[in-house]
Amino acid sequence: LLPPFLHRNRNNLEEFIDKICQYVIRDMDKYGVCVVDKFLGMEKGLAVLNEVLYMYSAGLFEDGQLVSNKGSTNDLKTIRGDQIIWLDGKEHQCQNIGMLISRVDAIIMRANKMHNNGKIGNYTINGRTKAMVACYPGHGSHYVKHVDNPNRDGRCITAIYYLNRDWDIKENGGLLRIFPEGWRDQVADIEPLFDRILFFWSDRRNPHEVQPAYKTRYAITLWYFDAEERNQACRRYQRESA
Ligand SMILES: Cc1cc(NC(=O)CCC(=O)O)nc(C)c1Br
Ligand SMILES: [Fe+3]
């Protein structure tokens, strides 16, 4: 008879997803931010990391936005921000990234169903963006303080999965600092640790920044849509572009 921990069969996965789901609902309701560690486990986490490293080494990432950085002499020194690639997870050599995406979908859709008559935080989630795989090259590249969805474009939850093994925040930097609205001068400092997933409301409640990273820093981001807000945003967009 196999020891219990080797039976990672369906019902263990179902139980795991339910447990994480309760935790996500509670923390999102209370804080608007939720961190889950050991999300996939070492083996699957490494499989996802290896797919990302393979694509990065194959030069498939596009150059991210240029962050114009005023040097000391006030010259416009542009340092490269994050480099990104968008994936739907069905691409060749991406089946583990695809598995990660379906795990996050399972939690969000389960939370959507489970929570006060099919809503999480009063949202009805009916879709998401593709996965944005981002790499900060690590020469001090950072991301300036911003809000993901400042103008009601439909995105309600940001989910970020981190892939950085042996990350030492003092040495390597790359801290994600969230300034949750209503927390007064408190901040949420999130280290981009391997196999960690972070959820937060995408709107103005959660301005955030990535502090300069001094080692290559990888993350996979998904943004989930609220049906109503997304429909209104699409209608607005059609009117504007008509
Ligand atoms: C391209 C793009 C990236 C990000 N990334 C982060 O905020 C970093 C989070 C982290 O890696 O810890 N956000 C927006 C609104 C856009 Br657009
Ligand atoms: Fe962001």
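Structure: above.
This is a predicted model, so every value here is computed, not measured.

Comments concerning the site of ligand 1
At step 1: Every residue near ligand 1 is listed here: Asp82, Met132, Tyr136, Tyr143, His146, Asp148, Ile160, Tyr162, Leu176, His208, Val210 and Arg217.
At step 2: Here an oxygen atom of ligand 1 and a side-chain polar atom of Tyr162 are 2.6 Å apart.
At step 3: One of the side-chain nitrogen or oxygen atoms of His208 is found 2.9 Å away from an oxygen atom of ligand 1.
At step 4: Protein chains shield 84% of the accessible area of ligand 1, which is 450 Å² for the free molecule.

What about the state of the cysteines?
At step 1: Applying the stated rule across the entire model yields 0 disulfides.
At step 2: Note on Cys234: no disulfide assigned, nearest cysteine sulfur contributed by Cys156 at a separation of 14 Å.

Looking at the nonpolar core
Generally speaking, nonpolar side chains in soluble globular proteins are found buried as a group.
At step 1: Among the nonpolar cores identified, the biggest contains 47 residues, and Val104, Ile157, Phe199 and Ile220 are the most heavily contacted of them.
At step 2: Ranked by size, the runner-up nonpolar core spans 13 residues in total, among them Ile160, Tyr162, Ile190 and Ala219.

A look at the sheet that holds strand S7 (residues 141–146)
At step 1: Judged by pairing direction, the sheet is antiparallel, and its 4 strands sit side by side in the order S7-S12-S9-S10 without closing on themselves. The sheet is open, and its two edges are formed by S7 and strand S10 (188–190), each paired on a single side. Each strand of the sheet is rotated relative to its neighbour by a mean of 20 degrees, with strand direction disregarded.
At step 2: By the bridge criterion, 3 bridges tie strand S9 (residues 176–178) to strand S12 (residues 208–213) in an arrangement that is antiparallel. Within S12, the position partnered with Arg177 by the bridge is Glu209.

Cut-offs used in this document
- Residues numbered from 1 in each chain as written.
- Chains lettered and ligands numbered in written order.
- Predicted model: local features only at pLDDT ≥ 70, side-chain atom pairs only at ≥ 80, totals over all residues.
- Heavy atoms only, no water.
- Near = heavy atom within 4 Å.
- Polar contact = N/O pair within 3.5 Å; in protein donor to acceptor, adjacent residues only side chain to side chain.
- Areas by Shrake-Rupley, 256 points an atom, 1.4 Å probe, with all protein chains shown as cover.
- Disulfide = S-S within 2.5 Å.
- Core = buried A, V, L, I, M, F, W, Y, C linked by side-chain atoms within 4.5 Å.
- Buried < 20%, exposed > 50% of the residue type's maximum accessible area, 1.4 Å probe, protein only.
- Pairing = 2+ DSSP bridges.
- Helix = DSSP H or I, 4+ residues; strand = E, 2+ residues; numbered from the N terminus.
- Axes fitted to C-alpha atoms, helices over the stretch in contact; angles between N-to-C directions.

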